[in-house]
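# Observations on chain architecture
Chain residues, written in single-letter form:
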Amino acid sequence: MKEDMMRPKKVLLTEKEMPRQWYNILADIKMNPPLGPDGNPVGPDALAAIFPMNLIEQEVSSERWIDIPEAVLDVYSIWRPAPLVRAYNLEKILKTPAKIYFKNESVSPPGSHKPNTAVPQAYYNKEFGTKRITTETGAGQWGSALSFACAQFGIECKVYMVRVSFDQKPYRKSMMEAWGGTCVASPSTETKAGRDVLEQYPDTPGSLGIAISEAIEAAVSDESGNTKYSLGSVLNHVMLHQTIIGLEAKKQMEMVGDYPDIIIGCAGGGSNFAGLAFPFVRDKINGKDIAIYPVEPAACPTLTRAPFVYDHGDNAGYTPLLPMHSLGHNFVPPPVHAGGLRYHGMAPTVSQLVDEGILEARAVTQTAAFEAGIKVSRSEGIITAPETNHALACVIEEAEKARLEGKEKVILFNMSGHGLIDLGSYDKYFSGDLINYDLGDDELAEAEKVFEPYPKPQHVKSV
C-alpha cells in the first residue's frame, strides 16, 4: 500500500525545460491554398487588413521550428509548463489495463488551453503597434484568454460572444471584464453582419460564424488602422502556438518511459486537439504506429458527416475560402452546452490530415459526453469543461476496449479546460434537461448547398 501511495501522479517540467520553439506542421504536410473571391490563391497581403504582418508571416511559414519570443515565455511561465497527469483513479474504476495520461491545460488563469495562442497573438499585435483587438468567442474560453493576454500587453479587447453561450455562461463575461475586456452578445446591433442576421432571425441562438463576421467587420471598419482581429482556432498560426502542449507532453512521456498508442482531444475549430496531437502526427508521418482521434459533438458533425470543401470561415463571407471539412458557413448548430465546439468548419490542417486518413474522427452525443465527465470528476476530482467531456467519452470507450481485448495500451488525452464556469450545464444534466440533438441528412444537405458555386479542393497526399 505504501508503495502505491508513492506512485508519481504528476510529471513536472521546470520552467527552464519549457520548449523554446513551436512546431509548424506545414513543414511536413501538403495543403490546398486559401482562395479569394475570384477563385485564385490569396497571398499574405490579402490578410493585412485584419492581421498584423508578423502573424501573417507565421500563418504562411513552412519553417518546421519557430522561436518563441522571450516576452511570450515570460507570460507562459505564469502557468507553464503544465502538468502531465497519470489518471490512476480513472483506470481503477474502469478496470482497464490501459495507462491513461492527460495534459492538464485547465491550470492556466482562464482555465483552458486558449492562452497558449492568445498570449503570442497579443504580443505580436503589440509589437506591430495595434491598439485594439476584436474577436469572437463561443463558450467564452477564448474571449477570456484574449482578455487576459491583452491585459498583459496593454491592448484593448472587444469580444463578440455567441448569444446562447452569453446567456448560458454569464460569468465568462465577468472574467473578461476582470481582465479589462468588453463583451457583447452576438449577433448584435453594432455591426451590419449582426443586424442582417437579427432582421432575418430575431430569435437566433447565434453561431461562431456570425460572431466571427461581427468581429472582422468591427476591425476593418476602424479607419484609424489601430484595430486588428484575432482568431482563437482554425488558422495555421493558432495551431502552431498550441503545439507547446504536445511538445511538453513528449518530454514528460519520455521522463516516465512511456509513449502513447492512442491520442485524443476534443475538436471544434481544432486548436486544443492540434496542440496535443501535431507533434505526435509528425512521428506518425515518420512511421510511428499511433491512433489519433479528434472528437466532436454529434450535433455539429463537421469531421464525421460533412464534406471536405472550400468554404468561408465566417457567416458573412468576409474570410477567404479555406479548404476544410464544413457544414456550410450559414449552418447554425443546435445550442449544445459545449459552445466551443459549435463551429461549422474545421482547421484546414486538421481537415487535411483527416482527408488523408492520418486522423480518424469520432462524434459523441451531449449526454454521453457529460456521463464521461462525471466519471472523471468522481475519480480524478477535476470538473471538466463540456468540450473536454467529448474527448473523455472517447477515452473511456478506448480504455474499455483495452479491457475487453486485454491489452495494456497507453492513452494520452488533452484536459483542455475546467468546467467551473459551466456548472449551469451540469445542473441541466443532473435535472435530466440535457437533450441530444438529431441532425437529419436533409438538414445537412440543405446547409451544404452553399458550396455549389465554390471550387473543390484537391485530395493531396503528404505521405
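Residues numbered from 1 in each chain as written. Predicted model: local features only at pLDDT ≥ 70, side-chain atom pairs only at ≥ 80, totals over all residues. Heavy atoms only, no water.

Scanning the chain for helices and strands turns up 19 helices and 15 strands. Buried positions account for 63% of the 463 residues belonging to the chain. Once local pairs closer than 6 in sequence are excluded, the contacts in the chain between residues at least 24 apart make up 78%. Carbon together with sulfur atoms contributes 50% to the accessible area of the chain, which is approximately 17600 Å² in total. Across the chain, the mean location of the 44 positive side-chain charges is 6 Å away from that of the 58 negative side-chain charges. (Helix = DSSP H or I, 4+ residues; strand = E, 2+ residues; numbered from the N terminus. Buried < 20%, exposed > 50% of the residue type's maximum accessible area, 1.4 Å probe, protein only. Contact = heavy atoms within 4.5 Å. Areas by Shrake-Rupley, 256 points an atom, 1.4 Å probe, with all protein chains shown as cover. Lys, Arg positive; Asp, Glu negative; His and termini not counted. Charge placed at Lys NZ, Arg CZ, Asp CG, Glu CD.)

On the surface, a nonpolar cluster with roughly 230 Å² of combined accessible area is contributed by I383, L420 and L423. Turning to its location among the elements, L420 is positioned in the loop between β15 (410-415) and α18 (423-430). (Patch = residues over 30% accessible without salt bridge, like charges linked within 9 Å, V, L, I, M, F, W, Y side chains within 5 Å. Salt bridge = Lys/Arg side-chain N within 4 Å of Asp/Glu carboxyl O.)

So, on to the packing of aromatic side chains. For the structure shown, the criterion picks out 13 aromatic pairs. With 5.4 Å between their ring centres and 35° between their planes, F102 and F413 make a pair best called tilted. Residue F102 is found in strand β5 (residues 99-104), and its partner F413 is found in strand β15; the two are separated by 311 residues along the sequence. This pair shows no difference in class: F102 is buried, exactly as F413 is. Note on Y426 and F430: the rings are 6.4 Å apart at their centroids and 40° apart in plane angle, and the pair reads as tilted. Of this pair, Y426 and F430 both sit in helix α18, four residues apart, roughly one helical turn. With a relative accessible area of 4%, Y426 lands in the buried category. Connected via pairs of aromatic rings, a cluster forms that spans Y76, W79, F148 and W179. A cation over a ring is seen here: K288 above Y259, with NZ or CZ 4.2 Å from the ring centre. Here the basic side chain of R362 rests over the ring of Y293, its NZ or CZ set 4.0 Å away from the ring centre. (Phe/Tyr/Trp six-rings, centres within 6.5 Å; stacked < 30°, edge-to-face > 60°. Lys NZ or Arg CZ within 6 Å of the ring centre and 35° of its normal.)

On to the sheet that holds strand β7 (residues 156-162). The sheet built from four strands is open, its strands ordered β8-β7-β6-β9 with parallel pairing. Edge positions in the sheet fall to β8 (182-186) and β9 (227-229), since each has one partner strand and no second. Within the sheet, the average angular offset between the axes of one strand and its neighbour, ignoring direction, is 25°. In this sheet, β9 lies alongside strand β6 (residues 132-137) in parallel orientation, the contact comprising three bridges. For T134, the partnering residue across the bridge sits in β9 and is Y229. Along the sheet, helix α6 (residues 141-153) makes contact with β6 and β7, crossing β6 at roughly 160°. (Pairing = 2+ DSSP bridges. Axes fitted to C-alpha atoms, helices over the stretch in contact; angles between N-to-C directions.)

On inspection of all chains with the given rule, the structure shows two cavities of 30 Å³ or more. When its volume is computed, the largest cavity comes out at roughly 380 Å³. Lining the largest cavity are 31 residues, with K114, S233, G269, G340 and L341 positioned closest to its centre. Elements represented by at least two residues in the lining of the largest cavity include exactly β6, α6, α10 (208-220), α13 (271-285) and α17 (386-405). Of the residues contributing to the lining of the largest cavity, the split by class is eleven nonpolar, 17 polar and three charged. Each pocket or cavity is described by its volume, and for the second largest cavity that value is around 40 Å³. As for the second largest cavity, its lining consists of Y23, N24, I25, L26, N236, M239, L240, F278 and T349. Looking at the lining of the second largest cavity element by element, the count peaks at three residues for helix α11 (residues 236-242). (1 Å grid on protein atoms, 1.4 Å probe; cavity = no way out; pocket = protein on both sides within 12 Å on 5 of 7 lines; lining within 4 Å. Points joined across faces, edges and corners; volume = space filled by probe spheres on them. Nonpolar A, V, L, I, M, F, W, Y, C, P; charged D, E, K, R; others polar.)

Here we come to the environment of V332. Along the chain, V332 turns up in the loop between β13 (321-325) and α15 (348-356). Sequence separation between V332 and L208 is 124 residues; the distance between their C-alpha atoms is 8.5 Å.

Where helix α16 (residues 366-379) meets α17, the axes come as close as 7 Å, and the angle between the chain directions of the two elements is 85°. On the basis of the axis angle, α16 is roughly perpendicular to α17. Contacts between α16 and α17 involve A368, A369, F370, A372, G373, K375 and V376 from the first element and P386, N389, H390, L392, A393 and I396 from the second. (Parallel < 35°, antiparallel > 145°, perpendicular 65-115°, else oblique.)

The next subject is the layout of surface pockets. The volume enclosed by the largest pocket comes to roughly 450 Å³. Among the secondary structure elements, those contributing two or more residues to the lining of the largest pocket are α2 (53-60), α10 and β13. Broken down by class, the residue content of the lining of the largest pocket amounts to 21 nonpolar, seven polar and one charged.

Here the focus is the sheet that holds β5. Ordered in space as β1-β4-β5-β15-β10-β11-β14, the seven strands form an open sheet in which the pairing is mixed. If you trace the sheet from one side to the other, it starts and ends with β1 (10-11) and β14 (362-364), each paired once. Pairing of strand β10 (residues 262-266) with β15 involves three bridges; the strand directions are parallel. Bridge assignment links I263 to a residue of β15, and that residue is L412. Docked against the sheet, α17 engages β5, β10, β11 (291-297), β14 and β15, running at close to 155° with respect to β10.

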